Amino acid sequence: MRHHVEILDAKTREKLCFLDKVEPHATIAEIKNLFTKTHPQWYPARQSLRLDPKGKSLKDEDVLQKLPVGTTATLYFRDLGAQISWVTVFLTEYAGPLFIYLLFYFRVPFIYGHKYDFTSSRHTVVHLACICHSFHYVKRLLETLFVHRFSHGTMPLRNIFKNCTYYWGFAAWMAYYINHPLYTPPTYGAQQVKLALAIFVICQLGNFSIHMALRDLRPAGSKTRKIPYPTKNPFTWLFLLVSCPNYTYEVGSWIGFAIMTQCLPVALFSLVGFTQMTIWAKGKHRSYLKEFRDYPPLRMPIIPFLL
């Protein structure tokens, strides 16, 4: 028996669309495509369809006949606003800091004064910091293109402005001080720099290892979720203790960079990043606990045994 689907505006309850003779095995994604035919301005990525005006959005893979609806289903529509692909967002977020930092490193005109134009720092740590910062963002760009698999294809367009302000702004702030002609090297000299470099490199390798392990969990084009477990790679063994070791390693990288440069803006960037990643890690940890009854009980969201 075919279904009828009426779609109402979640705010005004105005009827926007009535779909006649919808197959019972139709997915929400297919219903969104049908809705777009009558309202082209709302392409599928902009649509949130739900069973209750204030309820959760239905997943694209949800099947009509498995939902608690009768032969006439009433769905409520919310406009998510203009959308942009995650890949585009990440490429923009990460290319900006890479380019901005190099402007300060090469001391292009109008930054530090005419006499310092295109001069070079005499401190080795300044050049090492540039290499580390550039490596980090080149790695992120390559991971976005070749490693990450996104469960959601898009995000609201407005987010790109917020995210770019954060990444680009902090990159300019830290680069200004690290590459400043009056910059002074770390208090404990080469020993401090070497220790910090070791922390940075280890955490970058760990972060990449976790991203590869997570990639292998999800087949291409799939939204399947599985419990991540350690592999033969020792860097993934942190999965024994935390749900999101990629965030643990990311924070560790920036702590290493902060120790290396002994720069306050870097320390603040690390703190803000840690705060945000802790929120994300807690959310993912709750999601794992809710979805998997056999989820390892020893794991914490981001810091072993603590947080």
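Given the structure is predicted, the values throughout are model-derived calculations rather than measurements. (Residues numbered from 1 in each chain as written. Predicted model: local features only at pLDDT ≥ 70, side-chain atom pairs only at ≥ 80, totals over all residues. Heavy atoms only, no water.)

Enquirer: I keep staring at the sheet that holds strand β4 (residues 72-79) and nothing clicks. Help me out?
Expert: Through backbone hydrogen bonds, the strands of a sheet pair up, either in parallel or in antiparallel fashion. In spatial order, the strands read β2-β1-β4-β3; together these four strands make up an open sheet with mixed pairing. One side of each edge strand has no neighbouring strand; the edge strands of this open sheet are β2 (15-22) and β3 (47-50). Strand-to-strand twist in this sheet, taken as the mean axis angle between neighbours without regard to direction, amounts to 25°. Strand direction decides the pairing type here: strand β1 (residues 3-9) and β2, joined by five bridges, are antiparallel. The partner of Glu6 across the bridge, within β2, is Phe18. (Pairing = 2+ DSSP bridges. Helix = DSSP H or I, 4+ residues; strand = E, 2+ residues; numbered from the N terminus. Axes fitted to C-alpha atoms, helices over the stretch in contact; angles between N-to-C directions.)

Enquirer: Mind showing me how you'd approach the pattern of salt bridges here?
Expert: In the structure shown here, the tally under the stated rule is seven salt bridges. For the salt bridge of Lys32 with Asp60, the shortest nitrogen-to-oxygen distance reads 2.8 Å. With Lys32 in helix α1 (residues 28-38) and Asp60 in the loop between β3 and β4, this pair connects stretches of sequence that are 28 residues apart. A relative accessible area of 7% places Lys32 in the buried class. Given the relative accessible area of 29%, Asp60 is considered partly exposed. (Salt bridge = Lys/Arg side-chain N within 4 Å of Asp/Glu carboxyl O. Buried < 20%, exposed > 50% of the residue type's maximum accessible area, 1.4 Å probe, protein only.)

Enquirer: Even after reading the chapter, I still don't get the nonpolar core, so can you show me in this structure?
Expert: Soluble globular proteins: nonpolar side chains tend toward being buried together. In this structure, Met174, Ile178, Phe257, Met260 and Val266 are the most contacted members of the largest nonpolar core, which totals 36 residues. Among the elements of the structure, α2 (86-105), α3 (124-146), α4 (158-178), α5 (189-217), α6 (245-261) and α7 (264-291) are those that each provide at least two residues to this core. For this core, the element with the highest residue contribution is α2, accounting for eight residues. Residues contacting Met174, with those up to four places away along its chain left out, are His133, Trp254, Phe257, Cys263, Pro265, Val266 and Phe269. Counting 18 residues, the second-largest nonpolar core is a separate cluster that includes Leu19, Ile31, Phe35 and Leu64. (Core = buried A, V, L, I, M, F, W, Y, C linked by side-chain atoms within 4.5 Å. Contact = heavy atoms within 4.5 Å.)

Enquirer: In this structure, what is going on with α2? I would like to understand it.
Expert: End to end, α2 covers 29 Å across 20 residues, agreeing with the expected 28 Å (1.5 Å per residue, within 8%). Listed in full, the buried residues belonging to α2 are Val89, Phe90, Glu93, Tyr94, Gly96, Pro97, Leu98, Ile100, Tyr101, Phe104 and Tyr105. Arg107 sits one or two residues past α2 and shows a positive phi near 50°. (Expected span 1.5 Å × (residues − 1).)

Enquirer: Could you clarify how one ought to interpret the packing of α4 against α7 in this entry?
Expert: Between two packed helices, what matters for the description is the angle formed by their axes and the separation of those axes. Packing of α4 against α7 brings their axes to within 9 Å, and their N-to-C directions diverge by 155°. In terms of their interaxial angle, α4 and α7 are classed as roughly antiparallel. Within the contact between the two elements, α4 uses Tyr166, Tyr167, Phe170, Trp173, Met174, Tyr177 and Ile178 and α7 uses Pro265, Val266, Leu268, Phe269, Val272 and Gly273. Of the residues in the contact of α4 with α7, the class split is 12 nonpolar, one polar and no charged. (Parallel < 35°, antiparallel > 145°, perpendicular 65-115°, else oblique. Nonpolar A, V, L, I, M, F, W, Y, C, P; charged D, E, K, R; others polar.)

Enquirer: What is the right way to read the packing of aromatic side chains from this model?
Expert: Centre distance and the angle of the planes are the two values used to describe a pair of aromatic rings. All chains considered together, the criterion is met by 25 aromatic pairs. Three or more aromatic residues link up through ring pairs in this structure, and these residues are Trp86, Phe90, Tyr94, Tyr137, Tyr166, Tyr167, Phe170, Trp173, Phe200, Trp254, Phe257 and Phe269. Lying over the aromatic face of Tyr112, Arg107 brings its terminal NZ or CZ to 6.0 Å of the ring centre. (Phe/Tyr/Trp six-rings, centres within 6.5 Å; stacked < 30°, edge-to-face > 60°. Lys NZ or Arg CZ within 6 Å of the ring centre and 35° of its normal.)

Enquirer: Quick question: what am I supposed to make of the environment of Ser134 here?
Expert: For Ser134, the location among the structural elements is in helix α3. Classification of Ser134 by relative accessible area gives buried; the value is 15%. Each C-alpha atom, one on Ser134 and one on Leu98, is 5.7 Å from the other, the two residues being 36 residues apart in sequence. In terms of polar contacts, Ser134 uses its side chain to reach the backbone carbonyl oxygen of Cys130, at 2.9 Å. (Polar contact = N/O pair within 3.5 Å; in protein donor to acceptor, adjacent residues only side chain to side chain.)

Enquirer: Looking at this model, I keep getting lost on the domain arrangement of the protein. Mind explaining?
Expert: Buried accessible area, meaning the area lost when the parts come together, often serves as the stated size of an interface. Along its sequence, the protein is organised into domain 1 (3-81) and domain 2 (84-291). Distance from the C-alpha centre of domain 1 to the C-alpha centre of domain 2: 39 Å. Across the contact, five residues belong to domain 1 and four residues belong to domain 2. Carbon and sulfur atoms make up 34% of the area that domain 1 and domain 2 hide from each other, which totals about 280 Å². Taken together, the connections running from domain 1 to domain 2 amount to zero salt bridges. Taken together, the connections running from domain 1 to domain 2 amount to zero residue pairs in polar contact (both at pLDDT 80 or more). Classifying every residue of the side of domain 1 that touches domain 2 gives two nonpolar, no polar and three charged. (Domains from an automatic or database assignment. Buried area = accessible area lost by both parts, 1.4 Å probe.)

Enquirer: Which parts of the structure should I look at to understand a nonpolar patch on the surface?
Expert: A surface patch of nonpolar side chains, about 440 Å² in accessible area, is lined by Val87, Val138, Leu142, Leu145 and Phe146. Top element by residues in the nonpolar patch is α3. It accounts for four residues. On the secondary structure map, Val87 appears in helix α2. (Patch = residues over 30% accessible without salt bridge, like charges linked within 9 Å, V, L, I, M, F, W, Y side chains within 5 Å. Areas by Shrake-Rupley, 256 points an atom, 1.4 Å probe, with all protein chains shown as cover.)

Enquirer: Just checking my understanding: could you explain the side chain of Glu143 for this structure?
Expert: Its place among the elements puts Glu143 in helix α3. The buried category is assigned to Glu143, whose relative accessible area is 3%. If we skip the residues at most four places from it in the chain, Glu143 touches His148, Asn207, Phe208 and His211.

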